Amino acid sequence: MTDPSATPAMPGPLDAQARPAACQNCGAPLLGPHCYQCGQPVSGLVRHFSSIIGDALDTILNIDARVFRTLWPLLARPGYLTCEYFAGRRVRYVSPVRLFVFLSILTFFVARLTINIPGDAVHFDSNDAIGRATTVAQVERLRDTAIASVARGRQDAKQRVPGLDARLAVAQTAIRAKADRRIAELTGAAARGEPPPESKPEIMFDGKPWDPKTHPLALQWLPDFGNDWLNRQVARAESNIARMQRDPSLFKDAALSAIPSTLFVLLPVFALMLEILYVFKRRLYMEHLIVALHSHAFLCLSLLLVFLAMALRQWLAPASGALHSLLGLVEGVLFAWMPLYLLLMQKRVYGQGWPMTLTKYAVLGLSYTILLSLGAAFTIIASLVSA
């Protein structure tokens, strides 16, 4: 028999048969596993641990299903995911932002692991052959050859390109100065009984090597603290250039790690270019941004497959025969598929005729290629400073 004076028992964990009819947070009637008014889920953490594990597994499996439903259309069906998104069928696929961020980071992480740069492949000085010379005779021979080549260019420039002769004269002066400095380094090392010193990279301004005291970078329109900051960055770049020439993988890793953020910055610009080209389509800017996200996600996925094929080819070696050739064919097909895919995607999403689509595709491709080149150059410069 129940004791009426006993303390009431605390409510146990909620199960499927004991769900409340109203939200315990705001009191609104419940129509599903979440409150439509405040968003609080019906099932919290105060329940059986086995049910929490089951929910976690269900979430993981659901994400996996969405990934597989997303990646194949992204790779093989141009414009399909974008049209599905515009039609309102979004929950079955990975969101465009998550898709692009995940693929871009994964792609260039794999690139860092698979791309190898030979030890002598990175040189930042156009006259580096003089800097690498180990004897005075080599320096003099290289100096004379370079000066003679510039002299021939000056003869042609006097007749064809006004003003170029003066710039070539500055180049000759820079070559002589470079040779003189290298000869002094070699002579001093020989006098001390030391081996030939390694060449040091030089950053040139106004035809002369940069020096923080004797020849600093000074922009007239900048205040003194601005020029001081610039010269500190030049000093860091000079130090990093020397490190990267000794270990080119540092340059590769710095550049590849910066590319995803560069692409993310350029995405809104790409969408703006689509907005301008298709202004009479009266689409929202966010629709063009979805097109940009899916386009860039596709390019990242294709490059990821290319990098994986390259890595597998390097691992197999040419002796593997047919499989090695097949992987090379896969790389070629992927590179050919990229521009064709983007053209077909543009045609399917915007629905214009082929002449207009081809014209806009060419304008967009040329403009964005220039923009990407500038972005890549900025990324390389930033890598030299921050590596």
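As the structure is a computational prediction, the values presented were derived from the model and not from experiment. (Residues numbered from 1 in each chain as written. Predicted model: local features only at pLDDT ≥ 70, side-chain atom pairs only at ≥ 80, totals over all residues. Heavy atoms only, no water.)

K.L.:
So what exactly am I meant to see when it comes to the overall build of the protein chain here?
P.N.:
Within the protein chain, the regular secondary structure consists of 11 helices and two strands. Taken from N to C terminus, the helices and strands of the protein chain fall in the order α-α-α-α-α-α-β-β-α-α-α-α-α. Within the protein chain, residue pairs in contact and separated by at least 24 positions form 64% of the contacts whose partners lie at least 6 positions apart. (Helix = DSSP H or I, 4+ residues; strand = E, 2+ residues; numbered from the N terminus. Contact = heavy atoms within 4.5 Å.)

K.L.:
I would appreciate a short explanation of the environment of Leu-99 in the present structure.
P.N.:
Mapped onto the elements, Leu-99 comes out in helix α3 (residues 96-114). Judged by relative accessible area, which is 4%, Leu-99 ranks as buried. Sequence separation between Leu-99 and Leu-71 is 28 residues; the distance between their C-alpha atoms is 9.0 Å. Excluding residues that lie within four positions of it along the chain, Leu-99 makes contacts with Thr-70, Leu-71, Leu-74, Leu-81, Val-94, His-294 and Ala-297. (Buried < 20%, exposed > 50% of the residue type's maximum accessible area, 1.4 Å probe, protein only.)

K.L.:
Looking at this structure, I do not really get the nonpolar core. What am I missing?
P.N.:
What tends to happen in soluble globular proteins is that the nonpolar side chains get buried as a cluster. Within the largest apolar cluster, 41 residues are counted, with the highest numbers of intra-cluster contacts made by Leu-74, Leu-99, Phe-100, Leu-103 and Leu-274. Only α1 (49-76), α2 (80-86), α3, α8 (248-277), α9 (285-316), α10 (322-350) and α11 (354-386) provide two or more residues apiece to this core. Ignoring sequence-local partners within four residues, the contact set of Leu-103 consists of Leu-71, Leu-74, Ala-297, Cys-300 and Leu-301. Ala-133, Ile-147, Ile-175 and Ile-183 belong to the second-largest nonpolar core, a separate cluster that totals 10 residues. (Core = buried A, V, L, I, M, F, W, Y, C linked by side-chain atoms within 4.5 Å.)

K.L.:
It is not clear to me how the packing of α3 against α9 should be interpreted in this structure. Could you clarify?
P.N.:
Packed helix pairs are specified by the crossing angle of their axes together with the interaxial distance, meaning the distance between the axes. The N-to-C vectors of α3 and α9 enclose an angle of 25 degrees; their axes lie 8 Å apart at closest approach. With respect to each other, α3 and α9 are oriented roughly parallel. Seen from above, α3 lies across α9 with left-handed handedness. (Axes fitted to C-alpha atoms, helices over the stretch in contact; angles between N-to-C directions. Parallel < 35°, antiparallel > 145°, perpendicular 65-115°, else oblique. Left-handed = near helix turned anticlockwise from the far one by under 90°.)

K.L.:
Before we go on, may I ask you to explain the layout of surface pockets in this structure?
P.N.:
A water-sized probe rolled over the atoms picks out the places where empty space is left. One number sums up the size of the largest pocket: a volume of about 440 Å³. Surrounding the largest pocket, 22 residues form its lining, Phe-270, Ser-295, Leu-299, Leu-342 and Tyr-368 being those nearest its centre. Mapped onto the lining of the largest pocket, the elements with two or more residues apiece are α8, α9, α10 and α11. Along the lines of polarity and charge, the residues of the lining of the largest pocket split into 17 nonpolar, five polar and no charged. (1 Å grid on protein atoms, 1.4 Å probe; cavity = no way out; pocket = protein on both sides within 12 Å on 5 of 7 lines; lining within 4 Å. Points joined across faces, edges and corners; volume = space filled by probe spheres on them. Nonpolar A, V, L, I, M, F, W, Y, C, P; charged D, E, K, R; others polar.)

K.L.:
Mind showing me how you'd approach α10 here?
P.N.:
Spacing of three or four residues puts side chains on the same side of an α-helix, whose turn is 3.6 residues. Taking 1.5 Å as the rise per residue, α10 with 29 residues should run 42 Å; its terminal C-alpha atoms sit 41 Å apart, in good agreement. The sharpest bend along α10 comes to roughly 30 degrees, located at Trp-337, with the proline Pro-339 sitting one to four residues further on. Among all positions of α10, only His-324, Leu-327, Glu-331, Leu-334, Met-338, Tyr-341, Leu-343, Met-345, Gln-346, Val-349 and Tyr-350 are buried. (Expected span 1.5 Å × (residues − 1). Bend = angle between axes of the 7 residues up to and from the residue.)

K.L.:
What should I look at first to understand the pattern of salt bridges in this one?
P.N.:
A pair can form between side chains of opposite charge whenever their charged atoms are brought close. Counted under the stated rule, the structure contains six salt bridges. The closest approach of N and O atoms between Arg-143 and Asp-144, which form a salt bridge, is 3.2 Å. Under the relative-accessibility criterion, Asp-144 is labelled partly exposed at 42%. A salt bridge links Glu-331 to Arg-313; its shortest N-O distance comes to 3.6 Å. With a gap of 18 residues between them, Glu-331 in helix α10 and Arg-313 in helix α9 connect regions that are remote in the sequence. With relative accessibility at 11%, the residue Glu-331 sits in the buried group. (Salt bridge = Lys/Arg side-chain N within 4 Å of Asp/Glu carboxyl O.)

K.L.:
Sorry if this is basic, but what is going on with the packing of α9 against α10 here?
P.N.:
Axis separation between α9 and α10 bottoms out at 9 Å; the angle between their running directions is 175 degrees. When the axis of α9 is compared with that of α10, the two are roughly antiparallel. Of the residues that constitute the contact of α9 with α10, the class distribution is 21 nonpolar, six polar and two charged.

K.L.:
In this structure, what is going on with unusual backbone geometry? I would like to understand it.
P.N.:
What is expected of a backbone is that most residues other than glycine have negative phi and most peptide bonds are trans. The phi angle at Arg-282 is positive, at roughly 55 degrees, despite the residue not being glycine. Tracing the sequence through the fold places Arg-282 in the loop between α8 and α9.

K.L.:
Mind showing me how you'd approach the environment of Ile-290 here?
P.N.:
Structurally, the position occupied by Ile-290 is in helix α9. Judged by its relative accessible area of 9%, Ile-290 is buried. Each C-alpha atom, one on Ile-290 and one on Phe-86, is 9.0 Å from the other, the two residues being 204 residues apart in sequence.

K.L.:
Explain the state of the cysteines to me, please; I cannot follow it from the model alone.
P.N.:
Here a disulfide denotes a covalent bond joining the sulfur atom of one cysteine to the sulfur atom of another. Under the counting rule described, the total for this entry stands at zero disulfides. Cys-38 provides the cysteine sulfur closest to Cys-23, a residue in no disulfide bond, and the two sulfurs are 3.7 Å apart. Judged by its relative accessible area of 7%, Cys-23 is buried. Here Cys-35 stays unpaired: no disulfide links it, and the sulfur of Cys-26, its closest cysteine neighbor, is 3.5 Å away. (Disulfide = S-S within 2.5 Å.)

K.L.:
When you look at the side chain of Ser-104 in this model, what are you seeing that I'm missing?
P.N.:
Considering the arrangement of structural elements, one finds Ser-104 in helix α3. With residues near it in sequence (within four places) discarded, Ser-104 still touches Pro-260 and Cys-300.

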